Amino acid sequence: MKYFLNRTAQVIPVLLIVSFILFFLVHISGDPVDIMLSENATEEDRETLRQSLGLDKPFIIQYFIFLTNMITGDFGKSIIYGQAALPIVLERIPATFELMLASIILSTAIAIPLGVLSAVKRNSPIDLLISGISILGKAMPNFWVGLMLILLFSVNLKIFPVSGTGSVFHLVLPAITIGSAMAAQMTRLLRSNMLDVLSQDYIRTAKSKGVKRLSIVYIHALRNSLLPVITVIALQISTLVGGALITETIFSWPGLGQLTIEAINARDMAVVQACVITIAVFVIIVNLIADLIYRFVDPRIRY
Amino acid sequence: MEIQKETSTAPLTEPSKKNTTKYSIIKWIIPLLKSKTGMLGISIVAIVCFTAVFAPLLAPYKPEKVDFSAISTPPFWMDGGSFNHILGTDNLGRDLLSRIIYGAQISLLVGISSVGVAGVIGVIIGLTSGYYGGLVDTLLMRFVDANIAIPSILFALVVLGFMSPTIITLIIVIGVSSWIGYARVVRSEVLSLKEREYVKAAKSIGVRNGTIMRRHLLPNVSSSVIVIATTSVATTIITEASLSFLGLGPQAVTWGKVLSDGRDYLSTSWWIATFPGIAITITVLGIIFLGDYLRDMLDPRIQE
Amino acid sequence: MVDNNEYVLEIKGLKKYYKVPNSTTKAYLKAVDGIDLKVRTGETLGIVGESGCGKSTLGNLIVKLIEPTQGEIISSGINLNELKPKQLRNKRREMQIIFQDPYSSLNPRMRIFDIIAEPLVTHKLARGSALKERVLQLMEVVGLDADYLTRYPHEFSGGQRQRIGIARALALNPKVIVCDEPVSALDVSIQAQILNLLIKLQKKFDLTLIFIAHGIQAVNYISDRIAVMYLGKIVEIAGKEQIMNHTKHPYTELLLSSVPISHPKYRNEKVKTVINRESPSPVNLPSGCRFHTRCPYANEKCKKEDPDLVEMKDGHFVACHYPIIKENR
Amino acid sequence: MDKMENLLQVKELKTHFMTMNGVVPSVNGVTFNIKKGEKVALVGESGSGKSVTSLSIMGLIEEPGKIVNGSIIFDERNLVDLREKEMEKIRGNDIAMIFQEPLTSLNPLFPVGKQIRESLLLHQKITRKEAKQRAIELLKKVGIPMPEQVYSSYPHSLSGGMRQRVMIAIALSCEPKLIIADEPTTALDVTIQAQILGILNELSELENTALLIITHDLGVVAEIADRVMVMYCGQIVEEADVFSIFDSPLHPYTEALLKSTPRLNGQEKLASIEGRVPNPLHMPKGCTFHTRCPYAIEKCSSNVPAIQEFRPNHHVRCWLADEEEGGIKIG
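Quick summary incoming for the structure in this document.

Conventions adopted
- Residues numbered from 1 in each chain as written.
- Chains lettered and ligands numbered in written order.
- Predicted model: local features only at pLDDT ≥ 70, side-chain atom pairs only at ≥ 80, totals over all residues.
- Heavy atoms only, no water.
- Contact = heavy atoms within 4.5 Å.
- Buried area = accessible area lost by both parts, 1.4 Å probe.
- Salt bridge = Lys/Arg side-chain N within 4 Å of Asp/Glu carboxyl O.
- Polar contact = N/O pair within 3.5 Å; in protein donor to acceptor, adjacent residues only side chain to side chain.
- Helix = DSSP H or I, 4+ residues; strand = E, 2+ residues; numbered from the N terminus.
- Axes fitted to C-alpha atoms, helices over the stretch in contact; angles between N-to-C directions.
- Parallel < 35°, antiparallel > 145°, perpendicular 65-115°, else oblique.
- Nonpolar A, V, L, I, M, F, W, Y, C, P; charged D, E, K, R; others polar.
- Expected span 1.5 Å × (residues − 1).
- Buried < 20%, exposed > 50% of the residue type's maximum accessible area, 1.4 Å probe, protein only.
- Arc of directions from axis to C-beta.
- Phe/Tyr/Trp six-rings, centres within 6.5 Å; stacked < 30°, edge-to-face > 60°.
- Patch = residues over 30% accessible without salt bridge, like charges linked within 9 Å, V, L, I, M, F, W, Y side chains within 5 Å.
- Areas by Shrake-Rupley, 256 points an atom, 1.4 Å probe, with all protein chains shown as cover.
- Lys, Arg positive; Asp, Glu negative; His and termini not counted.
- Charge placed at Lys NZ, Arg CZ, Asp CG, Glu CD.
- Pairing = 2+ DSSP bridges.

## Side note on the interface of chain B and chain A
Part 1 of the reasoning: Contact with chain B, which involves 42 residues of that partner, is made by 45 residues of chain A.
Part 2 of the reasoning: When chain B packs against chain A, the two sides together hide about 3900 Å² of surface, and 81% of this comes from carbon and sulfur.
Part 3 of the reasoning: At the boundary of chain B and chain A, one finds 1 salt bridge.
Part 4 of the reasoning: The residue Asp292 of chain B makes a salt bridge to Arg188 of chain A at a minimum N-O spacing of 3.4 Å.
Part 5 of the reasoning: Along the contact surface separating chain B from chain A lie 6 residue pairs in polar contact (both at pLDDT 80 or more).
Part 6 of the reasoning: Counting residues per element, the ones that place at least two in the side of chain B that touches chain A are α5 (134–149), α6 (152–162), α9 (209–245), α10 (255–263) and α11 (270–298) of chain B.
Part 7 of the reasoning: Counting residues per element, the side of chain B that touches chain A draws most heavily on α11 of chain B, at 12 residues.

## Structural notes on the packing of helix α10 (residues 213–250) of chain A against helix α12 (residues 269–297) of chain A
Residue and element names in this part refer to chain A.
Part 1 of the reasoning: At their nearest, the axes of α10 and α12 sit 9 Å apart, and the two run at 175° to each other. By the criterion of interaxial angle, the relationship of α10 to α12 is roughly antiparallel. Between α10 and α12, the residues in contact are Arg223, Leu227, Pro228, Ile230, Thr231, Ala234, Leu235, Ile237, Ser238 and Val241 and Ile279, Phe282, Val283, Val286, Asn287, Ala290, Ile293, Tyr294 and Val297, respectively.
Part 2 of the reasoning: Here the residues of the contact of α10 with α12 sort into 15 nonpolar, 3 polar and 1 charged.

## A look at helix α4 (residues 59–71) of chain A
Residues and elements named next belong to chain A.
Part 1 of the reasoning: An ideal rise of 1.5 Å per residue puts 18 Å on 13 residues; α4 measures up with 18 Å between its terminal C-alpha atoms.
Part 2 of the reasoning: For α4, the full list of buried residues reads Gln62, Tyr63, Phe66, Leu67 and Met70. For α4, the buried positions fall inside an angular range of 140° around the axis, keeping them on one side.
Part 3 of the reasoning: One or two positions beyond α4, positive phi appears at Gly73, with a value near 85°.

## What to know about the packing of aromatic side chains
Part 1 of the reasoning: Enumeration according to the criterion identifies 22 aromatic pairs over all chains in this entry.
Part 2 of the reasoning: A ring pair is formed by Tyr230 of chain C and Tyr251 of chain C, whose centres lie 4.5 Å apart and whose planes are at 45°; its orientation type is tilted. With Tyr230 of chain C in strand β9 (residues 225–230) and Tyr251 of chain C in helix α9 (residues 250–258), this pair connects stretches of sequence that are 21 residues apart. Each member of the pair, Tyr230 of chain C as well as Tyr251 of chain C, is classed as buried.
Part 3 of the reasoning: Clustering of aromatic rings is evident, with ring pairs tying together Phe20, Phe23, Phe24, Tyr63, Phe64 and Phe66 of chain A.

## A closer look at a positive patch on the surface
Part 1 of the reasoning: A grouping of Lys212 of chain A together with Arg77, Lys85 and Lys89 of chain D is seen on the molecular surface, where their side chains present a positively charged patch.
Part 2 of the reasoning: If you trace the backbone, Lys212 of chain A turns up in the loop between α9 (201–208) and α10.

## Points about the pattern of salt bridges
Part 1 of the reasoning: Tallying each qualifying case throughout the model produces 36 salt bridges over all chains.
Part 2 of the reasoning: Between Arg225 of chain C and Glu43 of chain C there is a salt bridge, with the nearest N and O atoms lying 2.9 Å from each other. Taken together, the residues Arg225 of chain C in strand β9 and Glu43 of chain C in the loop between β2 (28–40) and β3 (44–48) connect sequence positions 182 residues apart. Residue Arg225 of chain C shares its accessibility class with Glu43 of chain C, and that shared class is buried.
Part 3 of the reasoning: In the salt-bridge network here, residues are joined through shared partners; they are Asp90, Arg94, Arg99, Lys257 and Asp261 of chain B.

## Quick look at the sheet that holds strand β6 (residues 95–98) of chain C
Residue and element names in this part refer to chain C.
Part 1 of the reasoning: Taken in spatial order, the 8 strands of this open sheet run β6-β7-β8-β3-β9-β10-β12-β11, and their pairing is mixed. On the outer flanks of this sheet lie β6 and β11 (310–313), each paired with one strand and no other. On average, each strand axis in the sheet is inclined to that of its neighbour by 20°, with strand direction left out of account.
Part 2 of the reasoning: Along the sheet, α9 contacts β3, β9 and β10 (233–239); its crossing angle with β9, the most-contacted strand, is approximately 100°.

Structural data, given as structure tokens:
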């Protein structure tokens, strides 16, 4: 519990850095007044708006204003939607969360058996095949996989819908798109961990006790080789969210990613800021959870 | 008592009388010839580099050349296809093969340069933070956490969304968003290397810190840096393609751009989106194979 | 009383505490916990103790690889704590260290020549052909073939690597060499080679050796005086003969009786002082005498008062309330 | 001694490793017997093949290693020919093993109790509850205080000595006929080493278990062994009872080993063996030790000596022992 509080406290400086970077980016990216006002606005109009936005104040003061606003959840008004930005963003979370969960479950379900099989049958044709597929999975760009899946399953075979949401069928293609790269990475990682664990002394001990081969793999080795995978999944969440940005756009999935891209294209500052912070918080929370799971599973860290 | 591990400390060969440098070149080439994936990787990378450099000579058309008489021509093996446009044309009748050949230029340029930017920043910061610790180190670690919290593609999107996306900004943005990876790895290697006894020995001799970093640490982290750099060229190519695909890439012919052109014609002209993707996949595959091979070769555990 | 010529090194109240990572309370690992020691010029001082007793930390403190938490090291009348970085760099020439692991003690990317020449180059003592000559001379002294000059470390065996490490340490003509477990990673037959080499070099160059090891047999073979360490402190220090034949501290006695016998004929003669307790952690030191948890003679006083290291007989110091008084074991 | 008493007979065992650079003959023709309840030490330096010998007996040789020749007769069965399934029944049940590094040899994610119970449940028809009871008894037997508590602790929370006791408890669990201990005390402190050796000695005598102890430390040999085999470069070069080995070694290598080990009771200069163990890929012709042997004669560099009984129950592999009367004069 003490650890949990400690760990949560560490999140604060991270969020500070994130918010600072974000603020800095917005600050150097140009005068927001130019975007908000039409081209034929007078200099006077601009000045009034600038003052009302606090843009005439020094940089660091502006940052603190930004920060206090952010903490209270006030990111300003969205240009596209004409209402407060944060609720718009929060509304999109469930869809993205659903997609992420589906792809994590999918990739884990693929990666664990394949990774184990690959390691146990090391250097066999099966191993080569699995390794080949997983390298391919890593090499294909996410968005292209998405397009090819649409081409194959929606355009040609007409099994799954091209885009949108509503049913499990809508979920399949985007989940595969995001999950494939992760499954590939996990398979590779699990294979190498497993090989490493299988050469450990305690596996030799288990063998010298007369434990059967299958039990060695599933009882002694699997748990130990999954441990580092947890950390990697946590680190990969960030990449996964990155993948969701594009995938959601391709499949018109009404999640955070689609909103972010939309907002960036429309230069809707308030929404962009809210999106970035929300994503950051989301990733941090997932990492925190992974960290706790890790501590729970590994007795060496648990005191 | 001595700690013995019989298998690992098998007696070493008597030092051979051969010239060491000559010996090490052979030591590099023979496993390369033996490693099939290594050979494949090097060949693919070599071909892509060659294509990029000699694009004007290799491409049958200029990439921007619009030909309204040949709009959406399919590849040559399909009905209506011809050898004039081997891989077909896009919705404006531009030759797909030529566009892919020219696309290799930007992809490689962006990939290699941004890796260079990231590598230099990352290695310098990683070295100092790992070696000295203290404030730099604490700051770096917080930056690492922040970096994990913001997906690098999101970072790039936000920056490019508010700036005019040119090739230079693209290189800088990707470089800046990925230096932390190098810094993190170099830092953790330095943390363990500086406890090595040869670094302690250098300290006890009175070697200056700067020299220790240059002479004892840098050469020993170089192999990991080379390996990460290789694989990040692959990631960068994908990132660049993603950005171009989302319309935030530079105004130039890139693989991502060509691919996104085909997105709206998926149901009618599938080849426009398919071939650039294959080009990216093959290039990235080649780089991954090369990276794996380099990792195996440079792994100090294998070398020792 | 202190004669500068007699003692090459004086250590006063030396402490090194490490903060225990991840602990919410402020726990410290007391690696070295108050050591006073005088090292005589030209002697070989053995320091013996089990893992975690702080003997290696002490070695690293002596050559200033780490900063002490408290205490002073005075080398030839100069307090190392008061030196400026530049002066310290010069002072380092007088004190060198040889490490345990011959595999990690040589930079894998440097040739043997560059490794042995590094100290000379750093202090600008030689260059060009003079440098090469000096390196070759050092290699000859430690018994390495001149052919090996341009080889890389991975081409050598453990014993040869240890010789390279010794050559590097000798390059600056140091007064003191700290040998931190120099033979524990080597095979028995190679251990003897290195021990004999160290003895030869000590005589040839009038070196002062501080020989740190966990094996009391090797320490006994090479040392003139022996200091026994237990959980960060010296519990007994005396001449070799005194330690071996007139053991005063119960821990030394335990250590000696634990050494495997040298011939099966001693099987029944051996006095077994097997104590089924293990050494406490240096984070949670016991109160009073730190050995009382394992001491067969401990009583209430031992649990409360920490004994000082006092001189019992000329040059025989013991930290024990009830030292063993037994002539001729 | 009656031949029927033999528990283990290893004959002409050859275990080779097919590496990228060539074949490494780690064990190259090893023959020995172990009788019931006997304590035998296998001594050698790193690379001598002593650990590979023990792993061969256990059937734990992994790729790229392979037993290429010889037989291992245990209880009238040739272990080399047994299938993996049958071998699994012997491992831990009839032959148990203790390793050098107790920390890495225990699974970090399981409580030690579970690891002791595992082999009991595998080889004996008992319930989980009985197995737990038995495991706690075993922990008590190897001298662990508060066995109930230790039963549910994880390996990392125990000290090195305690972990090795747990390893011994695992080995003893099914009352094996033979325990192979591979450098069981090397990773431990001296004071703990004495405790562990004491327990090992006491318990093997109590249960009348044969013990094959693999070590580089002649001190351990002196403490515990009845009979000693000295290994060099994959072959046994000398074999005799422990007193003969220490009093009148016949092989120059054994002699040199004894002389190069520092002892407590004052000793003149340590003799060191010059040179180093030859590269297993390029073994010298003739006797493998001739490159380092101070007594080597011409014949040693060309012809391989056979192992032969020089005195009753004292075998040696050396040309000098063969040619000169009384073997080599030991100083």
